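# Understanding the architecture of this molecule
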Amino acid sequence: MAQPVPQYITEAALLARVEDTLVRNGFSPQVAAPIAATIVACERDGTPSHGLLRLPGYIEAVRTGYADGTVLPETLSTRDSMIVLDAHQGFTHLALAQSRDDLKQRAARTGTAVLLIRNAHHFAALWPDIEPFAAEGFVAMSCVTSRARVTGWGGAKAVFGTNASAFACPRAEGPPIVWDQAASVMSQGDVLRAAREGRPLPEGVGVDADGRPTTDASRVLDGGALVAFGGVKGASIAFMVEILAAALSGSPFGIEAPVPGIMPSKCGQFLMLIDPRCAGTDVAARVEPLVAAVHDAGTALLPGSRRYARRQQAAEHGIELDQHSLDILERFAR
Ligand code: NDP
């Protein structure tokens, strides 16, 4: 029996714990490692909607055979600046981890590199996928599809996934700027947390199964739908993600998820790297006057600032786990 988990835990200890939990529950060590890294990064940086909260979903997906916790991704094709992988119902984390060096080399050679992963599972945050590229000087973008949860341009039923998209660029005088957001007003993870805690949702987040606006998280989850951020403009972004991450990668759309329920769709991921050095520009330096102007205009926080601050705190004091996270770790360690 594993030891009880302390409320404050070092990153390395939590990583070992999560990897061990995944391996005990049907994942190979090779697949478990990058998934655990993402879960721990989210706990460390204060993205609780995609930290340990997601562990039961990963384990359930493998336990039911919906996802494969041991399969290795297959390279379907490579071009000078494109790699296409089939994850064969495995997780995108391993496919991406195995492609990182290759992608960087292709981007450095041709200026850009695109990774397309089909038939995969990704219900994590996206920033851990792209921040490391920006830390090495690349501009990176990524998006993933998910099970249909979001209404279209004014419709009453879910047609698009929550379809996260993320962008990262390097900075000369600080860590990369990374934004990472769902196509919905609120991410599915935050709606799950609100339902679990019995909290009402803000107005404008979701509709019930009859397409009527509701603030009841359980009604949104029970046959209802989320609303795209920014109205019709967000719906357009959600549509773009369906094309880039699903159609282009050769994956099903969110509406084509094979079985109903809460599992992620067999989704696709799109990731693009651009090497500014090939353009002869110094993006990292060019970002600085823009950032200075943003701060001068009264903005204190940049996307990612809060995460970097929490990361620093975690390095000094350890990662703080709430009771729900502790319960998850204890439950699945058995
Ligand atoms: P949030 O609304 O919490 O944040 C969206 C972005 O806005 C973040 O980059 C955040 O930065 C930034 N931001 C928020 N507040 C401020 C502020 N005051 N000033 C400056 N920047 C700010 O994210 P979402 O709820 O939309 O998404 C949460 C996560 O869910 C994402 O990581 C996303 O990848 C994930 N997701 C995953 C899906 C999947 O299928 N894999 C589907 C949908 C979502 P910061 O990072 O600093 O908080």
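Being a predicted model, the structure only gives us computed values, none of them experimental. (Residues numbered from 1 in each chain as written. Predicted model: local features only at pLDDT ≥ 70, side-chain atom pairs only at ≥ 80, totals over all residues. Heavy atoms only, no water.)

## With respect to the side chain of D208
Along the chain, D208 falls in the loop between β10 (206–207) and β11 (213–214). Residue classification places D208 among the buried positions, given a relative accessible area of 5%. A polar contact is formed between the side chain of D208 and the backbone nitrogen of D210, at a distance of 2.9 Å. Not counting residues up to four positions away in its chain, the partners in contact with D208 are T214, R219 and G224. (Helix = DSSP H or I, 4+ residues; strand = E, 2+ residues; numbered from the N terminus. Buried < 20%, exposed > 50% of the residue type's maximum accessible area, 1.4 Å probe, protein only. Polar contact = N/O pair within 3.5 Å; in protein donor to acceptor, adjacent residues only side chain to side chain. Contact = heavy atoms within 4.5 Å.)

## A look at the sheet that holds strand β13 (residues 267–274)
One open sheet holds the 7 strands; their spatial order is β2-β3-β4-β13-β5-β8-β9, and the pairing between them is mixed. At either end of the open sheet lies a strand with only one pairing partner, and these are β2 (74–79) and β9 (174–181). Looking at each pair of strands side by side, their axes are set apart by 10 degrees on average, direction ignored. Where strand β4 (residues 112–120) and β13 come together, 7 bridges link them in antiparallel fashion. Among the inter-strand pairings, L116 is bridged to a residue of β13, identified as F270. Helix-sheet contacts for helix α5 (residues 127–135) involve β5 (139–144), β8 (165–171), β9 and β13, and the interaxial angle to β9 is about 150 degrees. Set on the sheet, helix α10 (residues 283–296) makes contact with β5, β8 and β9; between it and β8 the angle comes to about 100 degrees. (Pairing = 2+ DSSP bridges. Axes fitted to C-alpha atoms, helices over the stretch in contact; angles between N-to-C directions.)

## Observations regarding the pattern of salt bridges
Inspection of the entire model under this criterion finds 19 salt bridges. Between R24 and D20 there is a salt bridge, with its nearest N and O atoms 2.8 Å apart. Of this pair, R24 and D20 both sit in helix α1 (residues 11–24), 4 residues apart, roughly one helical turn. By relative accessible area, which is 47% here, R24 ends up partly exposed. Across the salt bridge formed by R311 and D45, the nearest N and O atoms sit 2.6 Å from each other. Note that R311 is positioned in helix α11 (residues 305–317) and D45 in helix α2 (residues 29–45), a separation of 266 residues in sequence. Members of the salt-bridge network, linked through shared partners, are E11, R44, D45, E131, R307 and R311. (Salt bridge = Lys/Arg side-chain N within 4 Å of Asp/Glu carboxyl O.)

Read these as layout, nothing more, since geometry by itself doesn't imply function.
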